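As a plain string of letters, each chain reads:
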Amino acid sequence: MQTGNTIEVVRAGGEPRSLDDAAWERARAVMVVRYWSGEEAPASRRAEARVLWTEGALCVRFACRQGEPLVVSPAPRLDEKTVGLWDRDVCEIFVATGAGVPARYFEFEAAPTGEWLDLSVEKTAEGREADWDYRSGMTTAARVGPDSITVAMRIPWEGLGQRPKAGTRWRANLFRCVGAGPSRGYLAWRPTYAPEPNFHVPERFGWLRFV
């Protein structure tokens, strides 16, 4: 299990071909156990993430406990990005390919239905601007179990604008949204400590270190 503010992203010899591919076991687990505020989330909402890189892409898999009814679309669309996906159950990774405090970063989301969303985001003095026309080429896989969900994303290097090498360090954070109403949970690998639930706090991002 990985601790601290850095995820060591292990190089896989080939692409993971399923949610249960043995390649995922090469990556050490990253635990997502706290809300954005830093408060501990109950065990029934926690997630484990594993991050790999291959010749062609960044790959991330979330294995989440699901102790409550799913909040998902009754009619998911998988052929186009789903705007507003963040209002339902979803797993997310934000990635910035620069080493400093990122003013520009990428947002990737995937739901238990396989729905997805990709955005290029820029923080400005006036707030936040999103490029809704951004197309990363990301793909997803998802599975719902009796008391769990598993979600994976493949993000090609072309969508990130560059390909890392061993020793490269990028900024990133991992998130999970679960539940509905006043009890809705916003979990973060690196808590953002915002006054209200908010994942868009890049100065709180941790690190991906490619090995």
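Everything here concerns the structure above.
The rules we used
- Residues numbered from 1 in each chain as written.
- Predicted model: local features only at pLDDT ≥ 70, side-chain atom pairs only at ≥ 80, totals over all residues.
- Heavy atoms only, no water.
- Helix = DSSP H or I, 4+ residues; strand = E, 2+ residues; numbered from the N terminus.
- Rg over C-alpha atoms; globule rule 2.2 N^0.38 Å.
- Buried < 20%, exposed > 50% of the residue type's maximum accessible area, 1.4 Å probe, protein only.
- Contact = heavy atoms within 4.5 Å.
- Areas by Shrake-Rupley, 256 points an atom, 1.4 Å probe, with all protein chains shown as cover.
- Core = buried A, V, L, I, M, F, W, Y, C linked by side-chain atoms within 4.5 Å.
- Pairing = 2+ DSSP bridges.
- Phe/Tyr/Trp six-rings, centres within 6.5 Å; stacked < 30°, edge-to-face > 60°.
- Salt bridge = Lys/Arg side-chain N within 4 Å of Asp/Glu carboxyl O.

1. Examining the overall build of the chain
And then number 1: The secondary structure content of the chain amounts to one helix and 14 strands.
And then number 2: In terms of overall size, the chain behaves like a compact globule, its C-alpha atoms giving a radius of gyration of 16 Å where 211 residues would be expected to give roughly 17 Å.
And then number 3: Considered along the principal axes of its C-alpha atoms, the chain spans approximately 45 × 40 × 35 Å.
And then number 4: Burial statistics for the chain: of 211 residues in total, 50% are counted as buried.
And then number 5: For the chain, long-range pairs separated by at least 24 residues make up 63% of all intrachain contacts whose partners lie at least 6 apart in sequence.
And then number 6: As displayed, the chain has an accessible area near 9,700 Å², and 48% of this comes from carbon and sulfur atoms.

2. Some thoughts on the nonpolar core
And then number 1: With 54 residues, the main nonpolar core has L58, I93, F108, L160 and L174 as its most contacted residues.
And then number 2: Apart from the residues lying within four places of it in its own chain, the contact partners of F108 are C91, E92, I93, L117, D118, Y134, S136, M138, M153, I155 and L160.

3. Structural notes on the pairing of strand β9 (residues 127–131)
And then number 1: Here strand β8 (residues 116–124) runs beside β9; their pairing, made up of five bridges, is antiparallel. The partner of E122 across the bridge, within β9, is E129.
And then number 2: In sequence, β8 turns back onto β9 through a hairpin of two residues.

4. Quick look at the packing of aromatic side chains
And then number 1: Going through the model one piece at a time under the given rule, you end up with 15 aromatic pairs.
And then number 2: Geometrically, the ring pair formed by F94 and F205 is edge-to-face, given 6.3 Å between the ring centres and 70° between the ring planes. Of this pair, F94 sits in strand β6 (residues 90–96) while F205 is found in the loop between β13 (185–188) and β14 (206–210), placing the two residues 111 residues apart along the sequence.
And then number 3: Centroid distance W157 to W170: 6.0 Å. Interplanar angle 80°. Geometry classified as edge-to-face. With W157 in helix α1 (residues 157–160) and W170 in strand β12 (residues 169–178), this pair connects stretches of sequence that are 13 residues apart.

5. What to know about the pattern of salt bridges
And then number 1: Across all of its chains, the model carries 15 salt bridges by this definition.
And then number 2: Ionic pairing is found between R143 and D20, a salt bridge with its closest N-O pair at 2.9 Å. With R143 in strand β10 (residues 139–144) and D20 in the loop between β1 (6–11) and β2 (30–32), the pair connects residues that are 123 residues apart, well separated along the chain.
And then number 3: When the shortest N-O distance is used, the salt bridge between R45 and E68 registers 2.8 Å. In this pair, R45 sits in the loop between β3 (34–35) and β4 (47–53) while E68 sits in the loop between β5 (57–65) and β6, placing the two residues 23 residues apart along the sequence.
And then number 4: Looking at R45, the relative accessible area reads 6%, which means it is buried.
And then number 5: You can call E68 partly exposed: its relative accessible area is 23%.
And then number 6: Linked by salt bridges that have partners in common, E8, R28 and R209 make up one network.

6. Observations concerning the pairing of β4
And then number 1: Here β4 lies mainly inside the structure; six of its seven residues are buried.
And then number 2: Bridge analysis of β1 against β4 gives two bridges, and the strand direction is parallel. The residue bridging V10 from the neighbouring strand is L52, located in β4.
And then number 3: The pairing of β2 with β4 spans three bridges and is antiparallel. Among the inter-strand pairings, V32 is bridged to a residue of β4, identified as A47.
And then number 4: One ladder, built from seven bridges, connects β4 with β5; its direction is antiparallel. Each residue of the ladder has a partner; that of A49, found in β5, is F62.
And then number 5: Following β4, the chain reverses through three residues before pairing antiparallel with β5.

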